[in-house]
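# Structural features, examined
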Amino acid sequence: MDNFSHRYGPWAVVAGASNGIGLGFARQFAARGVNVVLASRNEAALRTEAEAIESEHGVATRVCVTDLTAADGPATIIDATADLDVGAVVYNAGAVHGAGLFHEGPLDEALFLVDLNCRGPVVLAHHFARRFVARGRGGIVLMSSMAALAGSAYVATYSASKAFDINLAEGLAIELRPRGVDAMAVVAGATRTPALLASGATVDESVYSLMEPDDVARGALDALGTTSLWVAGPGNQLAYDAMRTLPRSDVSLFMSQGSASLYDLPLL
Ligand SMILES: NC(=O)c1ccc[n+]([C@@H]2O[C@H](COP(=O)([O-])OP(=O)(O)OC[C@H]3O[C@@H](n4cnc5c(N)ncnc54)[C@H](OP(=O)(O)O)[C@@H]3O)[C@@H](O)[C@H]2O)c1
């Protein structure tokens, strides 16, 4: 058994694994010899992808059908993996694309994002952190976004919830490192996923090249154990570094104008 599968196997759990970056994570774990639990809502898609992963990589898979925003959604994953020796969990689901003024949108939509991006990661990270500490090794990956770098108009709740994921992962990284467990936030930029393509966002690819989901997942798993925060892709890393040198209010305005142009909304 190589170091990766010893540390993060023999099973990995990916929450939000039926397409996009989450499916990329499932494939990347399998390519590294780790069996995968694929969890999300769409059972047919999960089964199709799980079969493809088994035949391509010769690992075992398990499908877990759950809505992570339901009260018992994250617990469904906990129950479905109780008999497995899990070494890694990736909380991927989270990009409910769409934009608008916070006070004009339904409260339920904002709370949905809090459930998906805050409550779900807390429940699963808490459960698996305990299990990983008990076995003395493991990895926790929480997906975040460049949208988390400062508050952004039009996606205020999304941006805030993704900042929560960064801070949660960073705090856990400090607590868990001496116990043999790695925690890491992934800061992704615009990535060619079905969710992004269906969102109505318009990305000018002559200015900003979309990343591919498998590249984000591969880079993240390569970085796991080396850092508590990994920025996907050199272009995003440059932008991330540059924005951290600017006054936060400027970054917030810049992010807001970016959201406006992405979703064809009035500049602020
Ligand atoms: N794509 C981007 O440009 C981008 C940029 C920055 C950050 N990110 C981050 O990367 C992650 C993945 O993004 P993505 O674009 O691939 O889209 P996504 O919609 O967050 O992820 C898609 C996956 O999540 C599952 N999912 C969505 N809602 C769910 C729910 N309520 N319960 C269970 N599973 C659910 C979907 O499967 P089912 O439909 O089968 O449930 C699918 O497998 C997110 O955390 C996002 O914030 C993405």
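Looking at the chain in UniProt, the text filed under Sequence similarities (unreviewed entry) is "Belongs to the short-chain dehydrogenases/reductases (SDR) family." UniProt's Subcellular location (unreviewed entry) comment on the chain is quoted here verbatim: "Endoplasmic reticulum".

## Structural notes on the overall build of the chain
Summing up its helical and strand segments, the chain has 10 helices and 7 strands in all. Its C-alpha atoms put the chain at 55 × 40 × 35 Å along the principal axes. Sequence separation of 24 or more characterises 69% of the internal contacts of the chain that already satisfy a separation of 6 or more.

## Quick look at the site of the ligand
If you check the shell around the ligand, you find 29 residues, and the closest are Gly16, Gly20, Asn42, Gly94 and Ala195. The set of elements that each furnish at least two residues to the shell around the ligand consists of α2 (20-31), β5 (138-145) and α7 (194-197). With 3 residues, α2 is the largest single contributor of residues to the shell around the ligand. Its residues assigned to classes, the shell around the ligand shows 12 nonpolar, 15 polar and 2 charged.

## Some details on the pairing of strand β1 (residues 11-15)
Among the 5 residues that make up β1, 5 are buried, leaving the element largely enclosed by the rest of the structure. Alternating positions in β1 separate into two faces, Trp11, Val13 and Ala15 on one and Ala12 and Val14 on the other, with burial throughout. Taken together, β1, α2 and strand β2 (residues 35-40) constitute a β-α-β crossover, and its handedness is right-handed. In this structure, β1 lies alongside strand β4 (residues 86-91), joined through 5 bridges in parallel fashion. The residue of β4 that forms the bridge with Ala12 is Ala88.

## What about the nonpolar core?
Membership of the largest hydrophobic core comes to 75 residues, with the highest contact counts inside it found for Ala12, Val14, Ala15, Ala26, Val36, Leu38 and Val186. With sequence-adjacent residues up to four places away left out, Val36 is seen in contact with Ala12, Val14, Ala26, Phe29, Ala30, Ile53, Val59 and Thr61.

## Regarding the sheet that holds strand β3 (residues 61-65)
Spatially, β3-β2-β1-β4-β5-β6-β7 is the arrangement adopted by the 7 strands of the open sheet, whose pairing is parallel. At either end of the open sheet lies a strand with only one pairing partner, and these are β3 and β7 (229-231). On average, adjacent strands in this sheet sit at an angle of 15° to one another, irrespective of strand direction.

## Some details on the environment of Leu253
Position of Leu253 relative to the elements: it lies in helix α10 (residues 248-262). Classification of Leu253 by C-beta neighbours within 10 Å gives partly exposed; the count is 17. With 180 residues separating them along the chain, Leu253 and Gly73 place their C-alpha atoms 35 Å apart.

## A few points about helix α4 (residues 73-80)
Residues spaced three or four apart along an α-helix point in a common direction, a consequence of the helix completing one turn every 3.6 residues. Among the residues of α4, Gly73, Pro74 and Ile77 are the ones counted as buried. Projected down its long axis, α4 shows its buried positions confined to an angular sector of 110°, all on one face. Against the buried residues of α4 lie β1, β2, β3 and α5 (107-135).

## Quick notes on the environment of Ala26
For Ala26, the location among the structural elements is in helix α2. Given 32 C-beta atoms within a 10 Å radius, Ala26 is considered buried. Considered as a pair, Ala26 and Ala50 are 24 residues apart in the sequence and their alpha carbons are 8.7 Å apart.

## Remarks on α10
Taking 1.5 Å of rise per residue, 15 residues should cover 21 Å, and α10 covers 21 Å from first to last C-alpha, within 8% of that figure. Buried within α10 we find Met255, Ser256, Ser259 and Leu262. One face of α10 carries all of its buried residues, which in axial projection span an arc of 125°. What points out from α10, more than 90 degrees from its buried face, is the exposed set Ser249 and Asp250. Phi turns positive one or two residues past the end of α10, at Asp264, with a value near 55°.

Analysis parameters
- Residues numbered from 1 in each chain as written.
- Predicted model: local features only at pLDDT ≥ 70, side-chain atom pairs only at ≥ 80, totals over all residues.
- UniProt positions renumbered as here; feature names shortened; annotations may be inferred.
- Helix = DSSP H or I, 4+ residues; strand = E, 2+ residues; numbered from the N terminus.
- Contact = placed C-beta atoms within 7 Å.
- Near = placed C-beta within 6 Å.
- Nonpolar A, V, L, I, M, F, W, Y, C, P; charged D, E, K, R; others polar.
- Buried ≥ 20, exposed ≤ 12 C-beta atoms within 10 Å, placed from the backbone.
- Right-handed = clockwise from strand over helix to strand, strands pointing away.
- Pairing = 2+ DSSP bridges.
- Core = buried A, V, L, I, M, F, W, Y, C linked by C-beta atoms within 7 Å.
- Axes fitted to C-alpha atoms, helices over the stretch in contact; angles between N-to-C directions.
- Arc of directions from axis to C-beta.
- Expected span 1.5 Å × (residues − 1).

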